[in-house]
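# Coordinates in review
Spelled out, the chains give:
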Amino acid sequence: MAIFYLIRHGEPDWHTYKPLNLKGNGRDLVPLTPHGRSQILETAEDPRLGRAELILSSPYTRAMQTAAILSRRLDLDIAVEYDLREWQPDLTFEYNTEERMRELRDDYNRCGGTHPTGERKLWESRDSLLRRIEGVLDRYRKYSNVIVAGHGTIFGTLVGRADIAQGEIVEYEVREG
């Protein structure tokens, strides 16, 4: 059995980058705020993390910065996994505002994460999201304890919670077979 310590990244610095009008994946380049860094320094003190053998990270800056802080504090290697990226609100990568992202997320929630029959949606489906996350975790099930630095929507979808706080640790077990 492997225990994954899912850690949502700290507070991202959206305000500094808002004037740049970043579009699609460009929005994923924002780093943590000073408060976000403090959140992760506090998270690193959790004794459960002392059992970890490795840190996995989303490729997004805020998650990789979270993983780097944890790595420095816990003296662990980091493996960056593309499929740990956040839920994709727009598979064309054309959205450019928080408002548009919220509209797409609201539509995703209204539809329960499933594309209605006969309708084309821009957002990534719940099933697609779960397949890619579970695929990553499955590759690391040989470890006993792994830290995963990532995002609220992907972790929330995986564990059935919509309220994971920044810097929070959620334990997720993967059993053999």
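Placed above this text is the structure.
This section reports on the structure supplied with the text. What you see is a predicted model, and the numbers here were worked out from it, not measured in a lab.

## Considering the pattern of salt bridges
A complete count under the given rule lists 13 salt bridges for this structure. Taking the shortest distance from any N to any O, the salt bridge between Asp107 and Lys121 comes out at 3.0 Å. One end of the pair, Asp107, is in helix H4 (residues 98-110); the other, Lys121, is in the loop between H4 and helix H5 (126-139), and 14 residues separate them in sequence. The burial state of Asp107 is the same as that of Lys121; both residues are buried. Arg141 is the salt-bridge partner of Asp138, the closest N and O atoms lying 2.6 Å from each other. Within the structure, one salt-bridge network assembled from shared partners comprises Asp107, Arg110, Glu119 and Lys121.

## A look at unusual backbone geometry
Phi is positive for Asp75, which is not a glycine, with a value near 55 degrees. By relative accessible area, Asp75 is classed as exposed at 72%. Backbone geometry places Phe93, a non-glycine residue, at a positive phi of 60 degrees. Tracing the backbone shows Phe93 in the loop between strand E3 (78-80) and H4. Of the residues examined, Phe93 reaches a relative accessible area of 32% and is grouped as partly exposed.

## Notes on the pairing of strand E2 (residues 54-57)
Side chains Leu54 and Leu56 of E2 all project onto a buried face; the interleaved residues Ile55 and Ser57 project onto the opposite face, where all are buried too. In terms of strand pairing, E2 meets strand E4 (residues 145-150) through 4 bridges, oriented parallel. Directly across from Leu54, in E4, lies its bridge partner Val146. Relative to E3, E2 runs parallel, the two being bridged by 3 bridges.

## Comments concerning the layout of surface pockets
Volume-wise, the largest pocket comes out at about 700 Å³. Taken together, 34 residues form the lining of the largest pocket, with Arg8, Glu86, Met101, Arg105 and Thr153 sitting closest to its centre. Those elements that place two or more of their residues in the lining of the largest pocket are H4 and helix H6 (152-159). The biggest single contributor to the lining of the largest pocket is H4, with 6 residues. Classifying every residue of the lining of the largest pocket by side-chain character gives 11 nonpolar, 12 polar and 11 charged.

What counts, and at which threshold
Residues numbered from 1 in each chain as written. Predicted model: local features only at pLDDT ≥ 70, side-chain atom pairs only at ≥ 80, totals over all residues. Heavy atoms only, no water. Salt bridge = Lys/Arg side-chain N within 4 Å of Asp/Glu carboxyl O. Helix = DSSP H or I, 4+ residues; strand = E, 2+ residues; numbered from the N terminus. Buried < 20%, exposed > 50% of the residue type's maximum accessible area, 1.4 Å probe, protein only. Pairing = 2+ DSSP bridges. 1 Å grid on protein atoms, 1.4 Å probe; cavity = no way out; pocket = protein on both sides within 12 Å on 5 of 7 lines; lining within 4 Å. Points joined across faces, edges and corners; volume = space filled by probe spheres on them. Nonpolar A, V, L, I, M, F, W, Y, C, P; charged D, E, K, R; others polar.

In short, geometric facts, not functional conclusions.
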